[in-house]
Each structure stands twice: as structure tokens, then as C-alpha cells.
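Read off the chains here:
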Amino acid sequence: MKALAYLNKYLWKYKVRLGLGALFIILSNLFGVKMPRLVNDTIGYITSIVDAGALDSEGAQDELINTGLWLACLYVLFSIGKGFFLFLTRQTIIVMSRKIEFDLKNEVYLQYQRMSTAFYKRNNTGDLMNRISEDVSKVRMYLGPGIMYTINLTVLSSLVIYQMFTRSTELTGYVLLPLPIMAFLIYKVSHIINRESEQVQRQQSKMSTYVQEFFSGIRVVKAYRREHAFQEEFAIEAQEYMDRSIRLVKVNSLFLPVVVTLIGLSTILAVYLGAIMVVDPTVSFKVGDIAEFIIYVNMLTWPFASVGWVTSIIQRAAASQVRINEFLKEEPEIQNLEEAQPFNGSSIAFKNVSFTYPNSGMIGLDGVNFEIKQGQSLGIMGGTGSGKSTIANLICRLYDVSSGQIAVGGSDLKTLDLNDVRQKIGYVPQEVFLFSDTIANNIRFGIHDDKLSDQDIETAAKDSCVHENIVDFKDGYETILGERGITLSGGQKQRVSIARAVIKSPEVLIFDDCLSAVDHETEEAILRNLKRIMQNKTTVIISHRVSSVMHCDKIIMLDQGKIVEYGNHQSLLEERKKYYVLYQKQLEDN
Ligand SMILES: Nc1ncnc2c1ncn2[C@@H]1O[C@H](COP(=O)(O)OP(=O)(O)OP(=O)(O)O)[C@@H](O)[C@H]1O
Ligand SMILES: [Mg+2]
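Each chain has its residues counted from 1, running along the sequence as written. Whichever chain is written first is A, and whichever ligand is written first is 1; the rest continue in order. At least 70 in pLDDT is required for a residue's local features to be given in this predicted model, at least 80 for side-chain atom pairs to be given and counted, and no such filter applies to totals for whole chains, interfaces and linings, which use all residues. Neither water nor hydrogens contribute to the side-chain values; these are computed over all heavy atoms in the structure.

1. Structural notes on the coordination of the magnesium ion (ligand 2)
Thinking step 1. Water is not among the atoms examined, so metal sites may look incomplete; donors are the N, O and S atoms within 2.8 Å of the metal, or within 3.2 Å for Na, K and Ca. The protein atoms that coordinate the magnesium ion (ligand 2) are S389 (OG) and Q430 (OE1), at distances spanning 1.9 to 2.2 Å. Taken together, the positions of S389 in helix α11 (residues 388–395) and Q430 in the loop between β6 (425–428) and α13 (439–443) put the pair 41 residues apart, joining distant regions of the chain.
Thinking step 2. Judged by relative accessible area, Q430 falls into the partly exposed class, the value being 38%. In DSSP terms, a helix is any run of H or I states spanning at least four residues, a strand is any run of E spanning at least two, and both are numbered starting from the N terminus. Any residue under 20% of the maximum accessible area for its type is buried, any over 50% is exposed, and the rest in between are partly exposed; the area is computed with a 1.4 Å probe on protein chains only.

Here it is, written out as C-alpha cells:
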């Protein structure tokens, strides 16, 4: 329950709405509680006239009708008052809960944005989605209906029970007896319903994950003719979903009968004991009082039923809030120092850098040393899993080094302003990612400046040798990519991704194996353009091909996170080790 205290700051923020909501609940109930008494008075009035045998007298019928009409009008008036304030209650408290839901979602989302890459490796996407959607919705149920029904129960039951007591203490005691039992039973039933519906929900999301994977892997599935297997597995999951849903329906159908039975019990008690009291001459209890009691009992039904339901809502909200709080209190591993320095100079030095991936414990780099001056280029080669991308990740500060130091422009990377660093680095990741948007928007992605002209976008595309391809499309730069639009070829994607980095005019440009899908001539053209653009700036090119790195000022060869060869094209050839062998082999291939 303590977890929910976190939400108090929001309740405080919307205190006026909450206060008004409570006031409207009181007003609505004040009208409501008048109605049974009115019914009692009406019955009392009619029976008194009938008992006196005065119905036959002149004008008595007219008077009866007039008074009846007047009482009915009053009854309608009370209902309208009750309904009007009920409407306002919902307008305040439920609206408040929606506003807090909005704020909380934004808070969680902001926290997601703060977190570093390691966080996203630790948590799976489904879980992250759940916190912001399902967990927040459950919390909202507490803030809206939860709070509303709790206030309502308190106000209504005190008003009604007080009224009942003024009529008959003894009868009140008997009639109220079944209500706590009902509350408890409903709590139990709601608990089971919630548990079952959660399982149904989980099965549902399992099914959608399954189908989603089928959609994204559709080409592989078709190529390997696995449709049938997918179909069978889907049928099993769907069956499970149906079984669970049917179970839920069974439990659900218990709910109303429980309520109706117990209410019936209270009503019977009211009628039976009330009748005994009516015929007992020592107590003054009339037929109208029985009617009044029956209405009271019915008025108490839903509030008491809601005790069980609300308890269950609050329990679930608390569990969700625990999960949300866990997230909110996490601090990103990559921190920006308060007195961070601006980026100054793009020389890069790795000083005895080692790095172990925190989630898997895999060693990415092991005691790596190298240095490139501003204006130089570095080529990185090495087999798969040798640590090339790890170097790129570390320069972008997607992770912090485990030991050693990275100096950029002579300062420790950790002391530099993180936003400035990311702004000054142009990074083309190994796995190209383009958004479902126009090509132009994909290229201008990293530029927050409205002054960027179409000309700038075109220049970047030309430097990346993709302009020709783009203008061939019917919509040119406005061509939409991804699910809603066309699919680019692997090489085209890589080059759009290069344009996105180049347009930033970065101080440091990192190419992570992003020329692998372009042909030899295009590769050379792009590298030539880079030389021109990156004058006096620093370039890091990661590749499996000697042709991509041979013109670099420095080249390192990695193996299992260690540098095994370090020099330039000429000196590495002379060493006649791995680099030399690769060069010979790739020369032959061409
Ligand atoms: N995000 C990650 N979490 C855990 N381990 C990782 C992660 N990324 C890489 N590794 C591990 O770190 C080691 C180095 O990986 P890295 O991605 O740097 O290799 P690479 O040289 O870029 O390989 P490739 O040429 O295939 O791109 C590998 O053993 C890999 O399994
Ligand atoms: Mg890699």
C-alpha cells in the first residue's frame, strides 16, 4: 500500500478537483437519502386517508391526486438533484484520474528517455510497454473509481445508516447483518476474477507477440515453408486463450447471483421483522417504514458490493505502482556531470581500456590502447565478435568503460557534456535503422534546426552517393519508408543512414561496417567524399574489407577484444600477419 503514497503528489496537484468531487458526492447523497423518506411519507399519507375512510367525501379524491402529484414531483426533483451532482462527481474525480494518468505516463516516458542502453538490454520491450500502459491503467483505477467509491461508501453509508437508526435500531442491526458477508464474498470473487482476467490478458499478449514475430519473419517463414507449423502452434495458444476466457466467464457469472441473494436476504429480513413490528402495538412502526427500509437496503447494496471490488482494485494498483516505482527510482548508468565541459577537439585516445558488457558478462575489450589525432582517420578490422562495435559504442558513450580511460580532445570523455558529445559525433550504426517516415525526414533526423534547407539534405545525400537513387523514386525525397511505404535495398538503407550522420557535419564520424552492402566503386566514391568533408576532423571506419580502411592514417586489428596489430597500411603489410593475409585474399577476390 505504501507504494501508492507516491501518487499523493498528484492528488495534491489536483486537490481542487478532488475536493469538489468529494463535495459533489456529499450533495448527491443528501438528495438521494431524502427519497426513501418521501416514499414513506407518501405511503403514510395514503394509508391515513384510506384508514379514515374519507375517500368518498367530496373533493377528497382531488386532494389525494394533487398531493400525490406534488409528492411525485418532489421525488423527481430529488432524483434530478442526485443525478446532477453524480454527473459533476464523475466530471471531477474521473477527469482527475485521467489527468493523473496522463502525467504519470509522461513521467514514466521521460524516465525511459533518460535511461542508458544497458537498461534497454536488461528489460524486455513487452515489460517496458506494460509499465506505461497496463500498470498505469491499473493505478488509474485506484485514482478514479477507487477513490470515488471509497468516498461514496463512507458518505452514503453514514447517511443511510443514521436514517435507519432513527427509525429502528433493532431492525437496522438485523438488516445490516448480511452486508459485511456480501462485501467479503465479493472481495473473494473479484479477486478470482482479477486473477483470471490477468491470465487471459497475458495469454492475449503472448498471442500477439507470437503473431507479430510471424509477421516480421514472414519471408523466412515462407522460404522455409513453416506456415503449417506456425498455424499449429497458434491453434494451441488460441485454445489456451479460449479455455481461460471460459473459466473467466464462469467466475464472472457468480458475481451477480451472490449480490442478489444477499440483498434478497436483507430485504426478506426487513419485510419479515418489519411486519412483526407493525403488528406489535408497543412499537410505533408503520407499513411505510418497511418500504423505507427496503429502499435503504437497496441503496446500500452497491456501496457494500464495491467494498470488495475497490479493495481488489487498490491491491492491484499497489502492485502496479510497486513496479512503476522500481523503474522511476532507477538512475541511468551514464551520468552527465554537473560541471561538464564542452566538447573541445576531436582527437581520440584509448588508454588501457577494458570493457565487459554488464548484462551478459561478455568481455568486449581488453586493455586497448591507441591514439588518433584530430584530422586523422582510424581503420578498425577484426573478425566477428572481436570488439569493433564495442569501440564505437564506447566513443559515443552508450556505455562507460569498465577500466582505463577514453580521452576526447585531451579530456576524459566522462567529464564532457554528454549532449555536446552526442551532437558532435556522427555515428552510423552497424544495424541500420530507418523510421517509417520520408527519406528527407530520416536524413534530417539529428538536426534540430529549422534552417536546414532542402539543398543541405541533397548535399548530404550526394556525399553519401544515394541522391541518384532517391530522385529515381516517384516522390523523390518525400518518399515514405518502412511499413507504410517502400522498402529500400540494403545498400540504399546504409547510404541514407550515412547521409543522416554526414548532414550533422560532425567533428567525429564513426562508420560501423556501413559500407558492407555497397559495391566497390560506390565505396570508393563515398570514402573520397569523406576525405573532403572530414578535413581536420576525425574519422573512424570499421570494416571487414581492407579496401575500406587501407587509406586510413592508422589501422588496428582486433582479436577477442585485444589489439593484435597496429600501424598503417604499409607497415601492416610489412608485418605479414593477419592484415597481410586478408589483403592478399581480398585482392584475389577482386
Ligand atoms: N549489447 C551487448 N550485450 C552483451 N554482449 C555484447 C553486446 N554487444 C556485443 N556483445 C559481445 O561483445 C563481444 C564483442 O562484440 P562486438 O559487437 O564489439 O563485435 P564486432 O567486432 O563488432 O563483431 P561484428 O564484426 O560481428 O560486428 C562479442 O562477444 C559479443 O557477443
Ligand atoms: Mg560489430
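2. So, the sheet that holds strand β1 (residues 348–356)
Thinking step 1. The 4 strands are arranged β2-β1-β4-β5 in an open sheet whose pairing can be described as antiparallel. Edge positions in the sheet fall to β2 (363–372) and β5 (411–412), since each of these pairs with one other strand and no more.
Thinking step 2. Being paired, for any two strands, means DSSP has found at least two bridges between them. Relative to β5, strand β4 (residues 403–408) runs antiparallel, the two sharing 2 bridges. Along β5, the bridge assignment pairs V408 with S411.
Thinking step 3. Any two residues having at least one pair of non-hydrogen atoms within 4.5 Å are treated as being in contact. Note on geometry: axes are lines fitted to C-alpha atoms, helical ones only across the stretch in contact, with angles between N-to-C directions running from 0 to 180 degrees. Each of β1, β2 and β4 is contacted by α11, which is oriented at about 115° to β1, the strand it contacts most.

3. Looking at the sheet that holds strand β7 (residues 508–512)
Thinking step 1. Across the sheet, which stays open at both edges, the 6 strands sit in the order β6-β7-β8-β3-β9-β10 with mixed pairing between neighbours. Lying at the two open borders of the sheet, with one neighbouring strand each, are β6 and β10 (562–567). Mean inter-strand twist for the sheet, computed between neighbouring axes without regard to direction, equals 15°.
Thinking step 2. Bridging between strand β3 (residues 377–382) and strand β9 (residues 554–559) involves 5 bridges; their strand directions are parallel. Paired with G382 across the strands is L558, a residue of β9.

4. Some remarks on the packing of helix α7 (residues 178–216) against helix α9 (residues 227–279)
Thinking step 1. Between α7 and α9, whose axes approach to 9 Å, the crossing angle comes to 165°. Put simply, α7 runs roughly antiparallel to α9. Considering the relative orientation of α7 and α9, their crossing is left-handed.
Thinking step 2. Here the contact of α7 with α9 is composed, by residue class, of 28 nonpolar, 8 polar and 7 charged. Roughly parallel here means an angle under 35 degrees, roughly antiparallel means over 145, roughly perpendicular means 65 to 115, and every remaining angle is called oblique. Handedness of a crossing is defined here by the sense of rotation of the near helix relative to the far one, left-handed for an anticlockwise turn of less than a right angle and right-handed for a clockwise turn. Gly counts as polar in this scheme, as do all residues outside two lists: the nonpolar Ala, Val, Leu, Ile, Met, Phe, Trp, Tyr, Cys and Pro, and the charged Asp, Glu, Lys and Arg.

5. Re the packing of aromatic side chains
Thinking step 1. Stacked, tilted and edge-to-face are the three classes applied to pairs of Phe, Tyr and Trp rings, where Trp contributes its six-membered ring and a pair requires centres within 6.5 Å; stacked means planes under 30 degrees apart, edge-to-face means over 60, and tilted covers the rest. Evaluation of the coordinates by the stated rule reveals 22 aromatic pairs.
Thinking step 2. Summarising the aromatic geometry, the rings of F285 and F293 are spaced 6.1 Å apart at their centres and angled 55° between planes, so their arrangement reads as tilted. In this structure, F285 and F293 share a single accessibility class: buried.
Thinking step 3. Between W302 and W309, the aromatic rings sit 6.1 Å apart at their centres with planes inclined by 40°, giving tilted as the arrangement.
Thinking step 4. Residue W309 is classed as partly exposed on the basis of its relative accessible area, which comes to 26%.
Thinking step 5. Three or more aromatic residues link up through ring pairs in this structure, and these residues are F24, F31, F78, F84 and F85.
Thinking step 6. Taking the ring centre of W12 as reference, the NZ or CZ of K15 above it sits at 4.5 Å.
Thinking step 7. Charge-over-ring placement is defined geometrically: NZ (Lys) or CZ (Arg) within 6 Å of the ring centre, and within 35 degrees of the ring normal. Cation over ring: R131 sits above F327, and NZ or CZ is 4.3 Å from the ring centre.

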